[in-house]
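The primary structure of each chain is shown beneath.
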Amino acid sequence: MIDAGSQGSRIHVYRFNNCGPTPELEHEEFEQTEKRKGGSGLSSYKEDAEGAAKSLDPLMQVAMRTVPEEYKSCSPVAVKATAGLRMLGPEMSQNILEAVRHRLETVYPFPVVSREKGGVEIMDGSDEGVYAWITTNYLLGKIGGPDETPTAAIFDLGGGSTQIVFQPTFEKSKSGGMPERLADGDHKYELQFGGRGFDLYQHSHLGYGLMAAREAIHKAVVEGKMASSGNDMAWLNQPIPNPCIAPGMERDVEVKFDKEHPLGSKVTVKMVGPQDGSSSPALCRGFAEKILKKDAECKLAPCSFNGVHQPSLEKTFSREDVYIFSYFFDRTKPLGMPDSFTLEELHQLTSTVCAGESSWKIFEGMGEAMAELRDRPEWCLDLNFMLALLHSGYEMPLSREVKIAKKIKNNELGWCLGAR
């Protein structure tokens, strides 16, 4: 299974024991494409469809080495793209998918899953989240067995989108009438797995992945500067203060607009953090909360953000485990965060990082933490967006504990295993 994400592609080669009622995972081989400037996902190739297809060759070599010769002709391969290709547009994305299918069919011995079964496709956002939920709960042993074990929620933060999936529990009606249940709609996913039925809440928030959020926050900063400067455009050639950049650091940023925008379709500006050594993480979090659009019209209450319906986590999922992964893991684990922490502790970490290098001494001795912080001026932005998403967006209290993980039982988290 190849996961073609917005920032890179990854391959998972699975070996199962199919002798029982539920397939038992015996081994997983995992590899990902190396990062390159501009990203290494299929969408980064845009009009170079053949180059996008060839970018998967190093991953397919992993499959060639891992799958025994006698099983290659009966070991299917599938490629599922996520938010990066969704946002690229239908023509370019389709050209890339066709080039990928052609290369897999003509160069490699593995059968490619048929078009009817979605062998090479852009995966629906609802499937992406639910498959990740299945992966997590399967590896935790919460599904697939006879017990009615409470399941875990998953929050997956990718580059272009973020997914939330959980199994809400509603209180019985106090009046003796029909008990509350999950409202019908696109957010409801009815799943049968291991002899159990699950009514899941799921939503994929396109445009709220970490890289997409960076772009939106930078755009909000530029538009705020533009609004305060009137018709004088001299500010475009000067550094723009950005509270989401750490004190004393700077970053050249390309900001994209609609074609009708007064600044044109895009502009490159230099953004700088506070130069006096002071910081205000709250100002950055204000920009993060602004792009969440909490005041958008809510047609089916209650809503989380951007007008999207979501049952209250506090009322329907207050005590069960919450797993956050992908960029949530990548931005907290390198800074020494434990496998389990509260949102209040994430808030404290965010304040420390946003305070700048004078407050970073606590990270000394934590492997590459200091090098990472110095190399990425947007650490403050990333952490503030994550905090705003969980606390303001999904309305989780600061006292709520979350768990981060990249693997469970030495198997990678994500949607790939669930899709299998």
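Here the structure is a predicted model, which means the values were calculated and not measured.

**Student:** I tried to follow the layout of surface pockets on my own but got confused; where do I start?
**Tutor:** The probe, sized like a water molecule, is rolled over the atoms to show the empty space still left. Approximately 890 Å³ is the volume found for the second largest pocket. Around the second largest pocket sit 28 residues that line it, and Tyr-14, Phe-16, Ser-75, Pro-76 and Arg-420 are the ones nearest its centre. Among the elements that take part in the lining of the second largest pocket, strand 2 (residues 9–17) stands out by supplying six residues, more than any other. For the lining of the second largest pocket, the residue count by class is 18 nonpolar, six polar and four charged.

**Student:** Sorry if this is basic, but what is going on with the packing of aromatic side chains here?
**Tutor:** Aromatic ring pairs are defined here through the distance separating the ring centres and the angle between the ring planes. Applying the stated criterion across every chain yields a total of eight aromatic pairs. Judged by centre distance (5.3 Å) and plane angle (70 degrees), the ring pair of Trp-133 and Phe-198 falls under edge-to-face. One end of the pair, Trp-133, is in helix 5 (residues 125–139); the other, Phe-198, is in strand 9 (residues 196–206), and 65 residues separate them in sequence. Comparing Trp-133 with Phe-198 shows no difference in burial state: the two are buried. Taking the centre distance of 5.1 Å and the plane angle of 75 degrees together, the rings of Tyr-208 and Phe-305 count as edge-to-face. A residue pair is termed long-range when its members are at least 10 positions apart, and Tyr-208 in the loop between strand 9 and helix 6 (210–229) and Phe-305 in the loop between helix 7 (281–292) and helix 8 (313–316) qualify at 97 residues.

**Student:** Please explain the UniProt feature "active site" (unreviewed entry) in the protein chain as it appears in this structure.
**Tutor:** Mapped onto the present numbering, the UniProt feature "active site" (unreviewed entry) falls at Glu-128. Mapped onto the secondary structure, Glu-128 falls in helix 5. What makes Glu-128 buried here is its relative accessible area of 6%. In contact with Glu-128, not counting residues within four places along its chain, are Thr-82, Arg-86, Met-123, Ser-161, Gln-163 and Trp-415.

Cut-offs used in this document
Here the residue numbers are simple positions, counted from 1 along each chain's written sequence. Totals for whole chains, interfaces and linings use all residues, but because this is a predicted model, local features are given only for residues with pLDDT of at least 70 and pairs of side-chain atoms are given and counted only at 80 or more. Remark: hydrogens and water are excluded; side-chain values derive from all non-hydrogen atoms of the structure. A cavity here means a set of points on a 1 Å grid, drawn over the protein atoms and nothing else, where a 1.4 Å probe fits but cannot get out; a pocket is an open set with protein on both sides within 12 Å along at least five of seven lines, and a residue lines either one if it has an atom within 4 Å of a point. Grid points are joined across faces, edges and corners, and a volume is the space filled by probe spheres set on the points. In this text, helices come from DSSP runs of H or I with a minimum length of four residues, and strands from runs of E with a minimum of two, each type numbered from the N-terminal end. Under the scheme applied, nonpolar residues are Ala, Val, Leu, Ile, Met, Phe, Trp, Tyr, Cys and Pro; charged residues are Asp, Glu, Lys and Arg; polar residues are all the others, including Gly. Each Phe, Tyr or Trp ring, with Trp reduced to its six-membered ring, pairs with another whose centre is within 6.5 Å; inter-plane angles below 30 degrees give stacked pairs, above 60 give edge-to-face pairs, and intermediate values give tilted ones. Any residue under 20% of the maximum accessible area for its type is buried, any over 50% is exposed, and the rest in between are partly exposed; the area is computed with a 1.4 Å probe on protein chains only. UniProt positions are given in the numbering used here, feature names are shortened, and annotations may be inferred rather than shown by experiment. Here, two residues are considered to be in contact whenever any of their heavy atoms come within 4.5 Å of each other.

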